[in-house]
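Observations on the three-dimensional arrangement
In case you want the letters, here they are:
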Amino acid sequence: MAAEQFDQRQEANAAGEIFRAFLKLGLTSFGGPIAHLGFFRDELVLRRRWLSEAAYADLIALCQFLPGPASSQVGFALGYLRGGLAGALLAWAAFTLPSAALLLAFALGADAFGGPMGQDVIHGLKLVAVAIVAQAVWGMARTLAPDRERATIALAAVIILVSVPTALGQIAAIGAGAVAGTLWCRRVDQRAAGHLPVPISRRAGMLLLALFFGLLLGLPAMVAWWSLPGLALFEVFYRAGALVFGGGHVVLPLLETRLVEPGWVTADAFLAGYGAAQAVPGPLFTVAAYLGAIVEPGPAGLGGAAIALLGIFLPGMLLLLGVLPFWDRLRHYDGARAAMAGTNAAVVGLLAAALYHPVWTSAVASPADFAVALAAFVLLTAWKAPPWLVVAVTLLASVALALAA
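Below, the structure is looked at part by part.

Quick notes on the rules
- Residues numbered from 1 in each chain as written.
- Predicted model: local features only at pLDDT ≥ 70, side-chain atom pairs only at ≥ 80, totals over all residues.
- Heavy atoms only, no water.
- Axes fitted to C-alpha atoms, helices over the stretch in contact; angles between N-to-C directions.
- Helix = DSSP H or I, 4+ residues; strand = E, 2+ residues; numbered from the N terminus.
- Parallel < 35°, antiparallel > 145°, perpendicular 65-115°, else oblique.
- Left-handed = near helix turned anticlockwise from the far one by under 90°.
- Contact = heavy atoms within 4.5 Å.
- Nonpolar A, V, L, I, M, F, W, Y, C, P; charged D, E, K, R; others polar.
- Phe/Tyr/Trp six-rings, centres within 6.5 Å; stacked < 30°, edge-to-face > 60°.
- Buried < 20%, exposed > 50% of the residue type's maximum accessible area, 1.4 Å probe, protein only.
- Patch = residues over 30% accessible without salt bridge, like charges linked within 9 Å, V, L, I, M, F, W, Y side chains within 5 Å.
- Areas by Shrake-Rupley, 256 points an atom, 1.4 Å probe, with all protein chains shown as cover.
- Salt bridge = Lys/Arg side-chain N within 4 Å of Asp/Glu carboxyl O.

For any two helices packed against each other, the geometry comes down to the angle between their axes and how far apart the axes lie. Put simply, helix α8 (residues 202-225) and helix α13 (residues 301-323) touch, their axes get as near as 7 Å, and they point 150 degrees apart. Viewed along their axes, α8 and α13 adopt a mutual orientation that is roughly antiparallel. Of the two possible hands of crossing, α8 and α13 adopt the one that is left-handed. For the pair α8 and α13, the contacting residues are G205, L208, L209, L211, F212 and L215 in the first and L314, P315, L318, L319, L321, G322 and V323 in the second. Its residues assigned to classes, the contact of α8 with α13 shows 11 nonpolar, 2 polar and no charged.

Below is the structure:
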């Protein structure tokens with residue numbers, strides 16, 4: 001009895017430690033996924049010593065290899081390694097819900113932006129989106145398409161998306177990138193250092209992978225069979241979360257195709273939410289809370305936000321836990337690394353196409369707009385200003401230009 005009570009106290013202490021550590025990170029981690037990984041390293045590897053540097057590097061390599069929100073997947077895995085499934089869920093909730101709550105509040109207060117001043121603020125957020133996406137394209141191109149082969153794959157992806165500007169075109173571009181990568185990118189070295197301890201069986205991993213693919217393939221049929229707005233909303237966000245390679249910014253074109261084109265969300269509201277997401281800490285995927293809250297037709301409000309959040313994060317977590325038991329073997333296959341290199345290059349093209357439409361075409365309507373967006377881009381890239389500061393400066397500039405007009 002005493003031993004059981006001791007074990008329960010240990011579990012409670014571990015759960016409390018996980019929640020407190022990730023709540024601190026969820027409230028303070030500005031700057032996007034790369035910055036998040038740095039915060040995780042400082043807090044959990046160096047200060048708390050939850051795992052070794054080598055194991056952390058291997059975990060990052062796995063999460064960058066898989067589709068999904070890389071920093072959230074790393075946080076989820078760290079919680080799992082520390083406290084099992086309960087620890088993983090606590091880590092995800094503490095890291096994700098602060099920013100999700102802020103964006104939900106923004107969505108619920110959207111009516112306050114109906115006047116002229118509110119429209120100027122919305123326009124400023126759209127200009128922020130131009131700068132943020134341009135920075136993402138620039139940075140990803142330098143790291144994911146630095147040579148002729150991968151730059152060509154990125155260009156081919158743009159051509160595919162211009163020719164077929166639909167969800168089918170996005171899937172085709174990613175698939176073509178994977179095939180081209182196996183042919184052209186075998187020299188790319190993506191080996192990770194270290195060994196990652198895996199507290200999950202291969203049998204459980206196979207079941208989780210089966211669930212991931214079962215939902216990915218089965219949800220469209222379920223939506224066609226049952227006309228339920230909540231199920232349709234879940235399918236949209238699940239598919240987006242399952243196909244996002246290369247970071248949270250890539251979710252922009254995937255969700256725009258499925259939400260704006262059918263008229264569920266207006267283009268202005270979509271880009272305003274994306275811009276607002278830059279001003280809050282935590283993962284960019286929490287923009288799903290904003291979009292789920294304003295979507296029409298649909299559950300909307302708090303229910304829509306919850307469905308969208310679950311839909312966009314679930315596939316990445318299922319895939320992560322499913323692949324973990326096989327990672328040590330998988331990462332040594334040249335073909336798998338080459339295919340991922342080609343996929344990542346195609347993602348650069350995917351985001352570049354989105355930079356033009358809908359981001360640029362919806363936001364930049366005058367030379368003054370171009371100047372503000374360019375200034376925001378320079379602040380991000382040359383001055384290394386934090387995104388929240390760029391948001392504030394751009395909003396002030398947008399309002400000032402409107403008042404001076």
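That was the structure; now back to the text.
All right, on to the packing of aromatic side chains then. In total, this model carries 10 aromatic pairs according to the counting rule given. Taken together through their ring pairs, the aromatic side chains of F22, F40, W50 and F95 make up a single cluster.

Within the fold, A382 resides in the loop between α16 (367-381) and α17 (387-404). Taking the relative accessible area as the measure of exposure, A382 reaches 56% and is therefore exposed. On a C-alpha basis, the gap between A382 and M340 in space is 30 Å, while along the polypeptide they are 42 residues apart.

With that settled, the discussion passes to a nonpolar patch on the surface. Residues Y356, W360, F370, L374, V378 and W383 make up a contiguous nonpolar surface patch of about 650 Å² in total accessible area. The element best represented in the nonpolar patch is α16, accounting for 3 residues. Inspection of the secondary structure puts L374 in helix α16.

Keep in mind these numbers describe shape, not what the thing actually does.
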